[in-house]
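Structural description and commentary
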Amino acid sequence: MARQLAMRTVVTWFGSLSFDEQMDALGQMQREHEQSRSTKRAELEKQLAALGYGAPKKRGRPKGVSNGAARPNGKKGSVKAKYRDPKTSETWSGRGRMANWLKSKQRAGEKIEKYLV
């Protein structure tokens, strides 16, 4: 409850500032946040050292380690074509909805195995 009240007060105060004052306030808050973050990080690294652990040199997940989640940028890796039309060179990977060219061939009574690469 108190946090909501404090947040509402800050939002109201921030909304009453001019654009230039808002930009100055944001810059100051970012500097304060970065300083606080650096102080906390240094403190945690000191505690890790006291426990006999070294702080990691690089931040983030080591290469090749995955938790099964999607890639951070949302892109999926490319997949080799599984089906190819020899006349038009159109392809389909076999994932997702069936390609229209292959669907029309299937409706015409052809076996899709004929188009396997």
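Residues numbered from 1 in each chain as written. Predicted model: local features only at pLDDT ≥ 70, side-chain atom pairs only at ≥ 80, totals over all residues. Heavy atoms only, no water.

**Focus: the packing of aromatic side chains**
Evaluated as defined, the whole model comprises 3 aromatic pairs. When the centroid spacing of 6.3 Å and the interplanar angle of 55° are considered together, the rings of Trp13 and Phe14 count as tilted. Judged by centre distance (5.3 Å) and plane angle (20°), the ring pair of Tyr83 and Trp92 falls under stacked. Note on Trp92: relative accessible area 12%, which makes it buried. (Phe/Tyr/Trp six-rings, centres within 6.5 Å; stacked < 30°, edge-to-face > 60°. Buried < 20%, exposed > 50% of the residue type's maximum accessible area, 1.4 Å probe, protein only.)

**Observations concerning the side chain of Asp85**
Summarising the element assignment, Asp85 is placed in the loop between β1 (83-84) and β2 (91-92). Accessibility expressed as a relative area gives 4% for Asp85, which makes it buried. Once residues lying within four places of it in the same chain are set aside, the contact partners of Asp85 are Glu90, Trp101, Lys105 and Tyr115. (Helix = DSSP H or I, 4+ residues; strand = E, 2+ residues; numbered from the N terminus. Contact = heavy atoms within 4.5 Å.)

**Some remarks on the environment of Val79**
Tracing the backbone through its elements, the reader meets Val79 in the loop between α2 (19-50) and β1. Sequence-wise, Val79 and Gly94 are 15 residues apart; in three dimensions their C-alpha atoms are separated by 9.1 Å. Contacts of Val79, omitting those with residues within four sequence positions, involve Ser93 and Arg95.

Function cannot be inferred from these measures alone, as they are strictly geometric.
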